[in-house]
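The primary structure of each chain is shown beneath.
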Amino acid sequence: MKTIAIAGTFDTKGKEYLYVKELIESLGLSTLTIHTGVFESTFEPDVSNEEVAQAVGWNINDIVSKKDRALATEVLSKGMEKLVPKLYEQGKFDGIISFGGSGGTSLVTPAMRALPIGVPKLMVSTVASGNTSQYVGTSDIVMMPSIVDVAGLNSISTKIFTNAVFAIVGMVKFENKKVLDKKPLVAATMFGVTTPCVTVAKEYMEERGYEVLVFHATGVGGRTMESLIEGGFIEGVLDLTTTEWADEIIGGVLNAGPNRLEAAAKHNIPQVVSVGALDMCNFGPYDTVPEKFTGRNLYKHNPTVTLMRTTVEENELIGRKIAEKLNMSKGQTILMLPLKGVSGIDAKDQPFYGEEEDKKLFDTLKELTNKDVVTIQEMNCNINDIEFAQRAAQNLIDLMEK
């Protein structure tokens, strides 16, 4: 019999969680209840808050006595993050569900993120319709808006709870019996202005027996790819679109954080890297571009995205940072430089064409990249030219088949 873990504050929302527990069990599944609240549960849980606190060396009574909500949330959240993956590894449950406001969501989602990709995880939350990146991270948590606060059983909340139960039960109960042929898994990065390149490279590799996952280089895409590489899922990396570094250094909205471009090097995963879309930094609608950038070369990509051309000085900074990351390689890296432009709009007669800016980027990379661990290839074409895409794909195949 499959089991669903139910995690939440049973001290303040016991009635709601009992409703969910009984509904799951009426559908023929078992439950594992995990109490994340500070005070005593309104019913006997399978895993107590004391056990959650002990997972990180705390006594629940000490937490109660301090009367510090922030501390309690932090300790119990860390306890959940440590305990829940262990319970899963022990075969105690097959999927997990929780309900809550911002506090309840913060308590349980770190534990959900710590579970392997593919384990069903559903968070019904009052904050599900806003920015959920801090809760979901690079995981596959399903966020469902609660519509009303998780406070009592009423005609709206019971409908939402029921739908959520049906969703998690379906994810746990039904299995896809079709098994795909195992192929070497490759991660590739793409942006709208590098789509022609990555599409050709992807098709080239797939025709030769590789499976290619494409990540949109919008910050979360880069972070997700790095996370999968860290997790051991990826066997080769076609990182042709490193534009997130422009946003990280300049202050755009699509940065992927300071650890971008590290995972493949650290784990000695073959990688082909290029400078796709480093001609641009990303902002939201035109009127959201910071005032300090007044007078810069701006391009309205669409009503919600404004691009800003990177300068010579910025390209030197970007080149320095990328060289620093590539130098972490253990010899499984090729850096490819398209001398006639790094994006679809960095080409002759296009709005971001900049020979001087690109030259500074290329020269910085060539000067600072360690040639003992990184092979540099220059091609006299635009990144979106077919010959560049196919060479990049073949380079990665060569590295992976060494």
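For the structure itself, consult the block above.
Residues numbered from 1 in each chain as written. Predicted model: local features only at pLDDT ≥ 70, side-chain atom pairs only at ≥ 80, totals over all residues. Heavy atoms only, no water.

Before going further, it helps to examine the overall build of the protein. Scanning the protein from N- to C-terminus turns up 14 helices and 14 strands. Here the C-alpha coordinates of the protein stretch approximately 70 × 50 × 40 Å along the principal axes. Evaluated residue by residue, the protein yields a buried proportion of 52% over its 402 residues. A sequence separation of at least 24 residues applies to 72% of the contacts in the protein between residues at least 6 apart. (Helix = DSSP H or I, 4+ residues; strand = E, 2+ residues; numbered from the N terminus. Buried < 20%, exposed > 50% of the residue type's maximum accessible area, 1.4 Å probe, protein only. Contact = heavy atoms within 4.5 Å.)

Before going further, it helps to examine the sheet that holds strand β13 (residues 333-338). Neighbouring strands of a sheet are bound in pairs by backbone hydrogen bonds; such pairs are parallel or else antiparallel. Spatial ordering of the open sheet is given by β7-β6-β8-β9-β13-β14, a layout of six strands whose pairing is parallel. Each of the sheet's edge strands pairs with one partner strand only, and the pair in question is β7 (211-216) and β14 (374-379). In this sheet, neighbouring strand axes are inclined to one another by 20 degrees on average, regardless of whether the strands run parallel or antiparallel. Sitting on the sheet, helix α9 (residues 220-230) is in contact with β6 (185-190), β7 and β8 (236-239), with an inclination near 140 degrees to β7. Seen against the sheet, helix α13 (residues 355-368) touches β13 and β14 and runs at an angle of roughly 155 degrees to β13. (Pairing = 2+ DSSP bridges. Axes fitted to C-alpha atoms, helices over the stretch in contact; angles between N-to-C directions.)

The next point concerns the pairing of β7. Bridging between β6 and β7 involves six bridges; their strand directions are parallel. Each residue of the ladder has a partner; that of V186, found in β7, is V212. In this view, the connection linking β6 to its parallel neighbour β7 by way of helix α8 (residues 195-206) has right-handed handedness. (Right-handed = clockwise from strand over helix to strand, strands pointing away.)

Its place among the elements puts N382 in the loop between β14 and α14 (386-400). Given a relative accessible area of 8%, N382 falls into the buried group. In contact with N382, other than residues within four places in its own chain, are P338, K340, G341, V342, S343, D346, A347 and F388.

This next bit is on α9. Within the span of α9, buried status applies to G221, G222, T224, M225, E226, L228 and I229. Those residues of α9 hidden inside the fold are in contact with β6, β7, β8, α10 (244-250) and α11 (263-266). Looking one or two residues beyond α9, the residue adopting positive phi is G232, at roughly 85 degrees.

Turning next to the environment of K202. Mapped onto the elements, K202 comes out in helix α8. In this structure, the C-alpha to C-alpha distance between K202 and A389, residues 187 residues apart in sequence, is 8.7 Å. Dropping the residues within four chain positions of it, K202 is found in contact with V212 and V214.

Let's shift gears to α14. Between its first and last C-alpha atoms α14 spans 21 Å; for 15 residues at 1.5 Å apiece the expected length is 21 Å, and the two agree. For α14, the complete set of buried residues consists of F388, A389, A392, A393, N395, L396, I397 and L399. Of the surrounding elements, those touching the buried residues of α14 are β6, α8, β8, β9 (271-273), β13 and β14. (Expected span 1.5 Å × (residues − 1).)

Function-wise, these values are silent; they only describe arrangement.
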